[in-house]
Amino acid sequence: MIGVDDVRRAIVVGKPHWQQAALVVLGLGLAAAIRWFTDRGAYGVPFATFLPVVVLAAIFLDRPYAVATAALSLVLVRLFFGLDVTILSWPSLVLFVAYLLTAIFLVAVGSVLRRTIQEMDRQAAQFQAYNAELQHRAKNALQVVRALASRASKAPDPIEFYEALAGRMDMMVKANELLGMGMVRRGEIGELARLAMEPFPSGAIAASGPPAQISEEAGMPLIMALHELGTNALKYGALSVETGSVTIDWTVSDDEGDLLWQERGGPPVVPPTKRGLGSRLLVAQGGLRSVDLRFEPAGVVCRIVIPRAV
């Protein structure tokens, strides 16, 4: 039995051009055959069997194919059922105009409906990834706190130790609130990088690049990706030792930003033997066009390509 989820998937899933063209031909052929064998248009309303095909095409196919379905239905009616709008008869003209306006309305509404459902599906998948990542962060929060405490404990004075640890804990809480609530969804690359790096030792991190606004859907994924890189660097990489450092540099072109994360001076890099939950954020997803993560001997390198705001 076909359920709501099956219909939603049929609307959301991308279909190759040949498949959509085949569905247009099949739908129009079926509508024409039913009309032909019913009364061959003798009793009027020649568009009766074509209208449902236009409705389905508007909902399940890309806009060009929905428009093609409506246009071809007019051609088929003209060829096989004798509707000739060149003859100025009011019934034929009114019928033609009514069908044309109805088809335009259906294609427009169907296009909006498809985009809305696709966007809802994309956001649902993104929110699931965010929730999974927040659960992952809750589990490894103790490890991060231990790493922060280890670095702060190098302060000789207990009060200095407390202030250093408390400050870093406050920054980590602020970043986690940002990630959890999604208050920042777009902005300038440098500001987003600064927010993502707040919980980590600022003296070991250098960020530079020209001002550039990135697209709305890339803001949160970029913060989460940088935060994941920072967390891993603090636990295992360059930020886990005093001699380590991280540079974040980016360049921009007309339509995208190219950000490069580089770690230096840390422990020898050992590539992971299995893919962890956190690595789900270090792949092309959401608004990130591409993510290239490399475990080089001198330090982890990650290149992220982000679309710029229009």
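See above for the structure.
K.L.:
Kindly report on the overall build of the protein chain, identifying the contributing residues and their values.
P.N.:
On a plain count of helices and strands, the protein chain comes out with 8 helices and 7 strands. The proportion of buried residues among the 310 residues of the protein chain is 39%. If you take every contact in the protein chain between residues at least 6 apart in sequence, the share linking residues at least 24 apart comes to 73%. Approximately 17,000 Å² of the protein chain is accessible, and the part contributed by carbon and sulfur atoms is 66%.

K.L.:
For the environment of arginine 194, give the residues involved together with the corresponding values.
P.N.:
Relative to the elements of secondary structure, arginine 194 occurs in helix 7 (residues 189-197). Classification of arginine 194 as partly exposed rests on a relative accessible area of 40%. In this structure, the C-alpha to C-alpha distance between arginine 194 and isoleucine 205, residues 11 residues apart in sequence, is 9.7 Å. Polar contacts involving the side chain of arginine 194 include one to the side chain of glutamate 198, which spans 2.7 Å.

K.L.:
Describe the pairing of strand 7 (residues 299-307), with residues and values.
P.N.:
Counting buried positions along strand 7 yields 8 of 9 residues, so the element is predominantly enclosed. Where strand 5 (residues 256-264) and strand 7 come together, 7 bridges link them in antiparallel fashion. Its bridge partner being in strand 7, glycine 257 is matched across the sheet by isoleucine 306. Looking at chain direction, strand 6 (residues 290-296) and strand 7 are connected through 7 bridges and run antiparallel. Residue valine 291 lies in a different strand from strand 7, and its bridge partner there is isoleucine 304. Taking the residues that link successive antiparallel strands as the turn, the strand 6-strand 7 hairpin has 2 residues.

K.L.:
How would you summarise the nonpolar core if you had to cite specific residues and measurements?
P.N.:
A general tendency of soluble globular proteins is for nonpolar side chains to be buried together. In this structure, Leu226, Trp261, Ile304 and Ile306 are the most contacted members of the largest nonpolar core, which totals 31 residues. Of all the secondary-structure elements, those providing two or more residues to this core are helix 7, helix 8 (219-235), strand 4 (245-252), strand 5 and strand 7. The element that contributes the greatest number of residues to this core is helix 8, accounting for 7 residues.

K.L.:
Describe the packing of helix 7 against helix 8, and please don't skip the residues or the numbers.
P.N.:
Geometry of a packed helix pair, given as the angle between the helix axes and the separation of the axes. Interhelical geometry of helix 7 versus helix 8 gives an angle of 40° and a closest axis separation of 8 Å. The angle between helix 7 and helix 8 falls in the class oblique. As for the relative orientation of helix 7 and helix 8, their crossing is right-handed in sense. Contacts from Leu192, Ala193, Ala196 and Met197 in helix 7 reach Gly219, Leu222, Ile223, Leu226, His227 and Gly230 in helix 8. Classifying every residue of the contact of helix 7 with helix 8 gives 7 nonpolar, 3 polar and no charged.

K.L.:
Break down a nonpolar patch on the surface for me, citing the residues and quoting the values.
P.N.:
A surface patch of nonpolar side chains, about 400 Å² in accessible area, is lined by Leu93, Val97, Leu100, Leu101 and Ile104. Looking at the secondary structure, you find leucine 100 in helix 5 (residues 90-152).

Scoring rules and cut-offs
Going along each chain's sequence as written, the residues are numbered from 1 onward. Local features in this predicted model are restricted to residues whose pLDDT is 70 or higher, and side-chain atom pairs enter the listing and the counts only when it is 80 or higher, whereas totals over whole chains, interfaces and linings include all residues. Working from all heavy atoms in the structure, the side-chain values ignore hydrogens and water. Put simply, DSSP H or I for four residues or longer makes a helix, DSSP E for two residues or longer makes a strand, and each gets a number counted from the N terminus. Any residue under 20% of the maximum accessible area for its type is buried, any over 50% is exposed, and the rest in between are partly exposed; the area is computed with a 1.4 Å probe on protein chains only. Note on definitions: a residue-residue contact is assigned when non-hydrogen atoms from the two residues lie within 4.5 Å. Methods summary: accessible areas were calculated by the Shrake-Rupley approach with a probe of 1.4 Å, and residue burial reflects only the protein chains presented. Any N or O atom pair separated by 3.5 Å or less is treated as a polar contact, with the protein-specific requirement of one donor-capable and one acceptor-capable atom, and with residues adjacent in sequence counted only for side-chain atom pairs. Strands qualify as paired when DSSP identifies two bridges or more between them. Put simply, buried Ala, Val, Leu, Ile, Met, Phe, Trp, Tyr and Cys residues joined by side-chain atoms within 4.5 Å make one nonpolar core. In this analysis, axes come from line fits to C-alpha atoms, helices being fitted only over the stretch in contact, and the angle between any two N-to-C directions falls in the range 0 to 180 degrees. Angle categories are assigned with fixed cut-offs, so that under 35 degrees is roughly parallel, over 145 is roughly antiparallel, 65 to 115 is roughly perpendicular, and the rest are oblique. Helix crossings get a hand from a simple test, with the near helix turned counterclockwise from the far one by less than a right angle marking a left-handed crossing and a clockwise turn marking a right-handed one. For this scheme, ten residues count as nonpolar: Ala, Val, Leu, Ile, Met, Phe, Trp, Tyr, Cys and Pro. Four count as charged, namely Asp, Glu, Lys and Arg, and the remainder, Gly too, count as polar. Each patch groups residues whose relative accessible area exceeds 30% and which form no salt bridge, using 9 Å between like charges and 5 Å between nonpolar side chains of Val, Leu, Ile, Met, Phe, Trp and Tyr. The working definition used for a salt bridge is a side-chain nitrogen of Lys or Arg within 4 Å of a carboxyl oxygen of Asp or Glu.

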